[in-house]
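# Summary of structural features
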Amino acid sequence: MIIAKRAARATTHLRLKRGLSSRASGILSALNIPTNQEISGVYDGQWKGSGEVVESVCPTTGEILARINTASPADVSGALTKSREAYLQFRDVPAPRRGEILRQIREGLAIKREELGALVTLEMGKIRTEGVGEVQEFIDICDYAVGLSRMMNGRVVASERPGHTILEVPNPLGVVAVLSAFNFPVAVYGWNLALSLAAGNATIWKPSPTTPLTSIAVTSIVAKVLEKNNLPGALAGLVTGGQPVGEVLVGSKEVELVSFTGSERVGRIVGQAVVSRFGKSILELGGNNASIVMPDADLSLAVPGVFFGAVGTAGQRCTSTRRLFLHRDIADEFLARLQKLYGALKPGDPLETDTLLGPMHTPAAVNLYKSTIDYLRSIDADILFGGKEYDVTPYDGGNFVQPTIAVPKSVDMSDRIWSTETFAPILNVAIFDELQEAIRWNNAVPQGLSSSLWTRDLRNVGKWTGPSGSDAGIVNVNAGTSGAEIGASFGGNKSTGWGRESGGDAWKQYVRWSACTINFSNEAPLAQGVNFNVD
């Protein structure tokens, strides 16, 4: 048996060594990721992994980048135990000191920003500038959290009772589990880790099963900072793997908060499981975002804004533009300009700086694209551009598809083409006559993440951002649905999950609030004038 295992590992070693392109090996080597052996995918202060061995596959070329030893049930249980122990130690560290740890993590990420960005591109498939930009987002939220560590303020509340005061005090919460998606394999974890550490918590990360290398590289950088400061590595633990790993984290009473990014279907399961044990959850689910273009819009801004929203990251952002509502007066001109931009797109190696269109992440995503195109044809939609895979692509094994513009005959928002988020570069277009009609369409779907209005009329802005306007969590004006900054909280309403991450008041979800009434008088009156004297 031992000989057989050694032979199998030797075969793996040779296959990886012979099959890995220089394109990939250079990026992995720059981050000290081994290219000739299986890689440990669990970290709780020590690197390990005794579960299923999975392959990381490059979506651009189809080549196997690495084989990763994921978490077994025992690995997950052990990591949770160590996370709890780490939290009990870390919760008493003063918040500004926690901020200093985050500053050092920020520096570690900045040193490897270009290399990490390239790895995101290699493993996820987004173009190089977006990969680097995603790492920058982690760096930015660390900057934010460093300042926040000195400003996580409670409140002093006036008491109705003489000689009393009331304090609202934020305290550390416990263990935070982060279940992130493939499309932002660095940034979403960064949003959560930075706020969680600033709040005094331990964090355990289960990344997407298809982006394990990125999570390993990021965790390695964070782990070095923790080790340098004599802090337990389990403050930023990692458990790679599939659904069984996620189920353990979601169901564990040792996890106070679960932050989940993914589909509405899985998010509903996660939310119900967490609330059944009275845990807290942050859900960031489906998008299905719309842009509305008014007749007074500056088309020199609106057309490229919609173009990036629909095509950026090959349509695989939570905030990608899926629906486009054009005022009848400018519809023809807008579509002509947009199709010209689409026509100039060429699929390319996302590692090349001039590439704007990379691959879909997996073959399953390509199949989803195809099935949606088939449905559009079945309902007799006008396909203005795309609707098929490319005849010529940079690599035969890549998951490349043509971005598509379609005009369905029906504008019934209950039809699945409008009401269901398709995670692919497919843009569905409808024509409207009055802004209120377009707002009604915007709000008529189950999801409510991002939305965008293009106009120069202040009256339209007031209507759009007010109580009768967009019901999404992100309500933009003259800016596309994609490309949020870290300063404001990020998240959506309705079936998007109501969760908020990143900036704004999002940090308040990562703490345990204590209302403290302090009596500094010589009397003990009851509130509301209640008299309970026995005399």
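Criteria and thresholds
Residues numbered from 1 in each chain as written. Predicted model: local features only at pLDDT ≥ 70, side-chain atom pairs only at ≥ 80, totals over all residues. Heavy atoms only, no water. UniProt positions renumbered as here; feature names shortened; annotations may be inferred. Pairing = 2+ DSSP bridges. Helix = DSSP H or I, 4+ residues; strand = E, 2+ residues; numbered from the N terminus. Axes fitted to C-alpha atoms, helices over the stretch in contact; angles between N-to-C directions. Contact = heavy atoms within 4.5 Å. Parallel < 35°, antiparallel > 145°, perpendicular 65-115°, else oblique. Left-handed = near helix turned anticlockwise from the far one by under 90°. Nonpolar A, V, L, I, M, F, W, Y, C, P; charged D, E, K, R; others polar. Core = buried A, V, L, I, M, F, W, Y, C linked by side-chain atoms within 4.5 Å. Buried < 20%, exposed > 50% of the residue type's maximum accessible area, 1.4 Å probe, protein only. Salt bridge = Lys/Arg side-chain N within 4 Å of Asp/Glu carboxyl O.

As recorded in an unreviewed UniProt entry, the protein goes by aldehyde dehydrogenase (NAD(+)) and comes from Lentinula boryana. Word for word, the UniProt comment on the protein under Sequence similarities (unreviewed entry) is "Belongs to the aldehyde dehydrogenase family." A UniProt comment under Subunit (unreviewed entry) is attached to the protein, and it reads "Homotetramer."

A few words on the sheet that holds strand E20 (residues 474-477). Read across the sheet, 7 strands follow the order E15-E16-E17-E14-E13-E19-E20 without closing on themselves; strand pairing throughout is mixed. Each edge of the sheet is formed by a strand with only one pairing partner; in this case those strands are strand E15 (382-385) and E20. Between one strand axis and the next, the sheet turns through 20° on average, direction left out of account. The pairing of strand E16 (residues 404-407) with strand E17 (residues 426-432) spans 3 bridges and is classified as parallel. Opposite Ala406, over in E17, you have Asn428 as the bridge partner. Along the sheet, helix H15 (residues 435-443) makes contact with strand E13 (289-293), strand E14 (321-327), E17 and strand E19 (450-454), crossing E17 at roughly 145°.

Its location among the elements puts Pro304 in helix H11 (residues 299-311). A C-alpha to C-alpha distance of 36 Å links Pro304 and Trp205, two positions 99 residues apart in sequence. Discounting chain neighbours no more than four positions away, the residues touching Pro304 are Leu299 and Leu341.

One way to put it is that helix H4 (residues 95-111) packs onto helix H6 (residues 128-148) with a least axis distance of 9 Å and a crossing angle of 160°. Looking at the two axes, H4 sits roughly antiparallel to H6. Where H4 crosses over H6, the handedness of that crossing is left-handed. Residues Gly99, Leu102, Arg103, Ile105, Arg106, Leu109 and Ala110 of H4 lie in contact with H6, whose contacting residues are Val135, Phe138, Ile139, Cys142, Asp143, Ala145 and Val146. Taken together, the residues of the contact of H4 with H6 sort by class into 10 nonpolar, 1 polar and 3 charged.

The residues that UniProt annotates with the feature "active site" (unreviewed entry) are Glu284. Note that Glu284 resides in strand E12 (residues 280-284). Each residue touching Glu284, except ones within four places of it in the same chain, is listed here: Phe260, Thr261, Gly262, Cys318, Leu449, Phe490, Thr496 and Glu501.

A separate point is the packing of H4 against helix H7 (residues 187-199). Where H4 contacts H7, the two axes come as close as 8 Å, and the packing angle between them is 150°. Compared by their axis directions, H4 and H7 come out roughly antiparallel. From H4, Ala95, Arg98, Leu102 and Ile105 reach across to H7, where they touch Ala194, Leu197, Ala198 and Ala199. A per-class count over the contact of H4 with H7 returns 7 nonpolar, no polar and 1 charged.

In space, the 3 strands of this open sheet follow the order E1-E5-E4, with mixed pairing throughout. Each of the sheet's edge strands pairs with one partner strand only, and the pair in question is strand E1 (39-40) and strand E4 (53-57). Judged from the 5 bridges that link them, E4 and strand E5 (residues 64-69) form a sheet pairing that is antiparallel. Looking at E5, one finds that Ser56 is bridged to Ala66. Contacts from helix H8 (residues 212-228) reach E1, E4 and E5 within the one sheet, and its direction differs from that of E5 by about 65°.

Once that is clear, we can look at the UniProt feature "domain: Aldehyde dehydrogenase" (unreviewed entry) in the protein. When the UniProt feature table is mapped onto this chain numbering, "domain: Aldehyde dehydrogenase" (unreviewed entry) sits at residues 50-513. Helix makes up 40% of residues 50-513 and strand 20%, whereas the separation of the span's terminal C-alpha atoms amounts to 38 Å.

Right, let's talk about the nonpolar core for a bit. Proteins that are soluble and globular tend to have nonpolar side chains buried together. Judged by nonpolar contacts, the single largest core of 80 residues is most densely connected at Ile105, Leu119, Leu122, Phe138 and Leu213. Looking at which element gives the most residues to this core, the answer is H7, with 10 residues. Excluding residues that lie within four positions of it along the chain, Leu213 makes contacts with Leu28, Ile33, Ile39, Ser56, Leu65, Ala66, Ile68, Leu119 and Glu123. Counting 54 residues, the second largest nonpolar core, distinct from the first, contains Leu324, Phe334, Trp441 and Val445.

All told, the structure shown has 23 salt bridges when counted by the stated rule. Put simply, Arg317 and Glu130 hold a salt bridge, and the shortest N to O gap is 2.8 Å. Placement of the pair is Arg317 in the loop between H11 and E14 and Glu130 in helix H6, with a sequence separation of 187 residues. Judged by its relative accessible area of 11%, Arg317 falls in the buried class. On the basis of relative accessibility, which here comes to 10%, the residue Glu130 falls in the buried class. A salt bridge links Asp380 to Lys409, with the nearest nitrogen and oxygen atoms 4.0 Å apart. Here the residue Asp380 occupies a position in the loop between helix H13 (363-378) and E15, and Lys409 occupies one in the loop between E16 and helix H14 (416-419), the gap between them amounting to 29 residues. Via salt bridges that share partners, Glu38, Glu55 and Arg67 belong to a single interconnected network.

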